Amino acid sequence: MATMTTEYRPVRVEAELDEPLSRWLWAVKWLLLAPHHVLLTALALGFLLATTLALPALLVTGRYPRVLFAFTTGALRWAWRVVFYSYGALATDRYPPFSLGAVPDYPARLHIDRPEHLPRGPALLVSRLRALPQLVGLVLFGLAFRLVWWIGGLSALLALAAVVVLVLTSPAAVLLWTGHYPRRQFTTLLAFDRWVLQVLAYTFFLTDACPPLRPETTGRRAGRLRDRLRHGAHHGPTPAVTAH
C-alpha cells in the first residue's frame, strides 16, 4: 500500500493508495455516490452560510468561531473523501462515511488547524487577493472542462475522441487492463487535489497560509518513495511522506 502524507503549513492532506482495487467498481461509483451528491449539495449551501455568519466575527476579532470552523472544515473533509473514492482519484473502494468528523482509518484525510489570529477589518479581505491567480486558474480549469463537454455535444466524432482519450489515459483504464493503479498518476492527481483544497481553505478564511501558484509534488522524499515502488524495493507498510 502506497501512503502519501502531504503537508502545507496548517493544511494537511493525507492519502493512501488503498489497493487492491476492483477492476470494475469504478464504472458504477457515480451511481453509488448519489446519496453523497445530494448531501454535499446541502453541505455546500451550509458551507457558504457558515462562512457568511463567520465573516463579521472575523472582521472584528480576527478569529474564526470554533463551531462554524468545525462545520466548514468538516464539509471540506467530507467532500475530500468523496473525491478520493470517486473520479477525483479512484484510489480506494471503501465507501466514504457520512460524517463531518475525522475518520482516522479512512485512506483519505484532511486536517486544517484553526488559526489563532487572522487579519482584521479590510485587511482580511485584501489579504485574500493574494490567491487571485490561483482562483483564476481554478475558474479557467472549470470552464475548460465544461467547454470540452460542450464541444463534444456538437460533434459525435469529437465526443468519441474525447472519451477514447479519457479512457486510455485514466487510472480506470489501467485498473481495467492490469488491475494496478499507476503510481505516477496517483501522485499527479493528489498534487492537484491537494492544491485545490489549499486554495479553498485560504479563500474561505480557514487558514492564513497562502497556497502556491500551482500544484506541487511532495518533494524529494516522495520521489524516493516512487523510486522504491518502481523498483519493487518496498516491503511492509510504507511510512508517511511529508512535504514542507
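Values in this document were obtained by computation on a predicted structure and should not be read as measured data. (Residues numbered from 1 in each chain as written. Predicted model: local features only at pLDDT ≥ 70, side-chain atom pairs only at ≥ 80, totals over all residues. Heavy atoms only, no water.)

### Brief notes about the environment of leucine 135
Here is step 1: Here leucine 135 is to be found in helix 5 (residues 132–154).
Here is step 2: When the C-alpha atoms of leucine 135 and valine 199 are compared, they prove to be 7.3 Å apart, with 64 residues separating the residues in sequence.
Here is step 3: Leaving out residues up to four positions away in the same chain, leucine 135 has contacts with Val199 and Thr203. (Helix = DSSP H or I, 4+ residues; strand = E, 2+ residues; numbered from the N terminus. Contact = heavy atoms within 4.5 Å.)

### Considering the packing of aromatic side chains
Here is step 1: Applying the stated rule across the entire model yields eight aromatic pairs.
Here is step 2: Geometrically, the ring pair formed by tyrosine 85 and tyrosine 95 is edge-to-face, given 5.7 Å between the ring centres and 75° between the ring planes. Within this pair, whereas tyrosine 85 is found in helix 3 (residues 66–85), its partner tyrosine 95 is found in the loop between helix 3 and strand 3 (108–112), the two being separated by ten residues in sequence.
Here is step 3: Tyrosine 85 gets classed as buried once you look at its relative accessible area, which sits at 1%.
Here is step 4: Judged by relative accessible area, tyrosine 95 falls into the partly exposed class, the value being 34%.
Here is step 5: Note on tyrosine 95 and phenylalanine 98: the rings are 6.1 Å apart at their centroids and 45° apart in plane angle, and the pair reads as tilted.
Here is step 6: For phenylalanine 98, a relative accessible area of 44% translates into the label partly exposed.
Here is step 7: Looking at lysine 29, its charged tip hangs above the ring of tyrosine 85, at a distance of 4.2 Å from the centre.
Here is step 8: In this structure, arginine 128 packs its charged tip against the face of tyrosine 202, placed 3.9 Å from the ring centre. (Phe/Tyr/Trp six-rings, centres within 6.5 Å; stacked < 30°, edge-to-face > 60°. Buried < 20%, exposed > 50% of the residue type's maximum accessible area, 1.4 Å probe, protein only. Lys NZ or Arg CZ within 6 Å of the ring centre and 35° of its normal.)

### Some words on the pattern of salt bridges
Here is step 1: Summed over the entire model, instances satisfying the criterion amount to nine salt bridges.
Here is step 2: Of the charged contacts, one joins arginine 12 and aspartate 113 as a salt bridge, the two residues approaching to 2.8 Å between their closest N and O atoms. Note that arginine 12 is positioned in strand 2 (residues 11–17) and aspartate 113 in the loop between strand 3 and helix 4 (122–127), a separation of 101 residues in sequence.
Here is step 3: Linked through salt bridges whose partners overlap, the residues forming this network are Glu14, Glu16 and Arg109. (Salt bridge = Lys/Arg side-chain N within 4 Å of Asp/Glu carboxyl O.)

### Looking at helix 8 (residues 183–203)
Here is step 1: In this model helix 8 runs 30 Å from its N-terminal to its C-terminal C-alpha over 21 residues, within 8% of the 30 Å that 1.5 Å per residue would give.
Here is step 2: Two residues or fewer after helix 8 comes phenylalanine 205, characterised by a positive phi angle close to 70°. (Expected span 1.5 Å × (residues − 1).)

### A look at the confidence of the model for the protein
Here is step 1: Confidence in the prediction for the protein averages 77 pLDDT; 69% of positions are at 70 or higher.
Here is step 2: Confidence drops under pLDDT 50 across residues 145–169; counting only partners more than four residues distant or on other chains, this segment forms five contacts.
Here is step 3: Contacts for the low-pLDDT stretch residues 219–244, under 50 throughout, to residues beyond four places or in other chains number 38 contacts. (pLDDT = per-residue confidence, 0-100.)

### As for the pairing of strand 2
Here is step 1: Of all seven residues in strand 2, six are buried; the element is thus mostly enclosed.
Here is step 2: As paired strands, strand 2 and strand 3 are joined by five bridges and run antiparallel to one another. The residue bridging valine 11 from the neighbouring strand is isoleucine 112, located in strand 3. (Pairing = 2+ DSSP bridges.)

### A look at the nonpolar core
Here is step 1: By size, the foremost hydrophobic cluster in this structure holds 39 residues, and its most contacted members are Tyr64, Trp80, Phe84, Leu110, Ile112, Phe186 and Leu206.
Here is step 2: Of all the elements in the fold, those that place two or more residues in this core are strand 2, helix 2 (34–61), helix 3, strand 3 and helix 8.
Here is step 3: With sequence-adjacent residues up to four places away left out, phenylalanine 84 is seen in contact with Ala15, Glu16, Ala89, Leu90, Ala91, Thr92, Pro107, Ala108, Phe186 and Leu190. (Core = buried A, V, L, I, M, F, W, Y, C linked by side-chain atoms within 4.5 Å.)

### Re unusual backbone geometry
Here is step 1: Here the residue pair glutamate 19 and proline 20 is connected by a cis peptide bond, since its omega of 5° sits within 30 degrees of zero.
Here is step 2: Relative to the elements of secondary structure, proline 20 occurs in the loop between strand 2 and helix 1 (29–32).
Here is step 3: Of note in this structure, leucine 90 is not a glycine but carries a positive phi near 55°.
Here is step 4: Its place among the elements puts leucine 90 in the loop between helix 3 and strand 3.
Here is step 5: Assessed through its relative accessible area of 6%, leucine 90 is described here as buried.
Here is step 6: In this structure, phenylalanine 205 takes a positive phi of about 70° despite not being glycine.
Here is step 7: Turning to its location among the elements, phenylalanine 205 is positioned in the loop between helix 8 and helix 9 (219–230).

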